[in-house]
Amino acid sequence: RAMLAQGETEFLALRGLVAQAMRAGDHALALELAVRAHASRPESVWAEDALFRLHSRRGDWVEAQAALDRLVARRQIDRALAHKRRAALLVERSRGASADQRAEALEQARRAHDEDPALAPATAQLARLLAASGAKRKAERLILAAWGAVPHPELAAIFAGLAGDDPLARAR
C-alpha cells in the first residue's frame, strides 16, 4: 500500500492489488482498482484487458465492449481474439434481452455469429432464436453448416429438438 503513495510505483501497486483482490474473490474491489490503474496509465494493455475481463464478469457488456474497442483501436489485441471476444459479448447481450426485445436479441445473435462462426455458443443462440421465431429450417441449416467446424453437444441437442417427435427427422 505504501507504493500507492508514490507516483512511479502507483501503477505497479495497483496491478498487484488487482491480482490480490481477484484471488480473494473481491471482484468489485478489483474493478475499482483496475479503473484507477487505467486512469493512471490509459495506454496500458494490462489495465484495459483487466477492465474488459472484470466488466464481463460483472455482466456490464457496454463497458466491456468499450474496453475491447479501445484495445482494437490501439491495435493491442490480436484480431482473431478481438472477434471472439466481440462475439461472446454479443451472445451475452442477446441472452440478456427481454422477451419484448426479441428482434434485438436475434440481431445481436446474428452479429455474434458473423463475428465468429466457429464460436458454438453464438451458433447455438442464433439457432435457438431462429427456431423460436418459426424459422426452423434456417436453424437446421445453420447448425449443419457449423457442425463441420464446431461439432458441439449444444448444437446437437438443439438440432435434435428441432426435429420434434419425428423419429426419421431425429435420426438425420
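Residues numbered from 1 in each chain as written. Predicted model: local features only at pLDDT ≥ 70, side-chain atom pairs only at ≥ 80, totals over all residues. Heavy atoms only, no water.

**Considerations on the overall build of the protein**
Selection criterion: In this text, helices come from DSSP runs of H or I with a minimum length of four residues, and strands from runs of E with a minimum of two, each type numbered from the N-terminal end. Exposure classes here rest on a 1.4 Å probe applied to the protein chains alone. A residue is buried below 20% of its type maximum, exposed above 50%, and partly exposed in between. Note on contacts: a residue pair qualifies if any of its non-hydrogen atoms lie within 4.5 Å across the two residues. Positive charges are assigned to Lys and Arg, negative charges to Asp and Glu, while His and the chain termini are left out of the count. Here the site of a charge means NZ on Lys, CZ on Arg, CG on Asp, or CD on Glu.
When helices and strands are tallied, the protein shows 10 helices and 0 strands. With respect to the three principal axes, the spread of C-alpha positions in the protein is 70 × 30 × 30 Å. Taken over 172 residues, the protein has a buried fraction of 40%. Counting only contacts in the protein whose residues sit at least 6 apart along the sequence, the fraction spanning at least 24 positions is 42%. When the 27 positive and 22 negative side-chain charges of the protein are each reduced to one mean point, those points stand 3 Å apart.

**Focus on the pattern of salt bridges**
The test is simple: Take a side-chain nitrogen of Lys or Arg and a carboxyl oxygen of Asp or Glu: if they are within 4 Å of each other, that pair is a salt bridge.
Taken as a whole, this structure holds 10 salt bridges when the rule is applied. In this structure, Glu10 and Arg36 form a salt bridge, with 3.6 Å as the shortest nitrogen-oxygen distance. Pair noted here: Glu10 is in helix α1 (residues 7–24) and Arg36 is in helix α2 (residues 27–40), with a separation of 26 residues, a long-range link. A salt bridge links Arg86 to Glu115, with the nearest nitrogen and oxygen atoms 3.4 Å apart. Of this pair, Arg86 sits in helix α5 (residues 79–96) while Glu115 sits in helix α6 (residues 102–115); the two residues are 29 residues apart in sequence, bridging distant segments of the chain.

**With respect to the packing of helix α3 (residues 45–58) against helix α4 (residues 61–73)**
For clarity, the threshold we go by: Angles shown run from 0 to 180 degrees and are taken between the N-to-C directions of axes, each axis being a line fitted to C-alpha atoms and, for helices, limited to the stretch in contact. In these notes the angle categories are as follows: under 35 degrees is roughly parallel, over 145 is roughly antiparallel, 65 to 115 is roughly perpendicular, and the rest is oblique. Two helices cross in a left-handed way if the nearer one is turned anticlockwise from the farther one by less than a right angle. They cross in a right-handed way if the turn is clockwise. Note on residue classes: Ala, Val, Leu, Ile, Met, Phe, Trp, Tyr, Cys and Pro are nonpolar, Asp, Glu, Lys and Arg are charged, and everything else, Gly too, is polar.
Relative to each other, α3 and α4 sit at 155°, their axes nearing to 8 Å. Overall, the two elements α3 and α4 adopt an arrangement that is roughly antiparallel. Where α3 crosses over α4, the handedness of that crossing is left-handed. Contacts between α3 and α4 pair Val45, Glu48, Asp49, Leu51, Phe52, His55 and Ser56 from the former with Trp61, Glu63, Ala64, Ala67, Leu68, Arg70 and Leu71 from the latter. Here the residues of the contact of α3 with α4 sort into 8 nonpolar, 2 polar and 4 charged.

**Quick notes on α6**
For the α-helix, the turn length of 3.6 residues means that residues three or four positions removed from each other point alike. Put simply, the test is: What a helix is expected to span follows from its residue count: subtract one and scale by 1.5 Å. Throughout, the arc means the angular range of directions from the helix axis out to the C-beta atoms.
If you check α6, its first and last C-alpha atoms are 20 Å apart, about what 14 residues at 1.5 Å a residue would give, namely 20 Å. Every buried residue of α6 is listed here: Ala105, Leu106, Gln108, Ala109, Ala112 and His113. Down the axis of α6, the sector holding all buried residues measures 160°, keeping them to one side. In α6, the exposed residues that point more than 90 degrees away from the buried face are Ala103 and Asp114.

On their own, these measurements won't tell you what the molecule is for.
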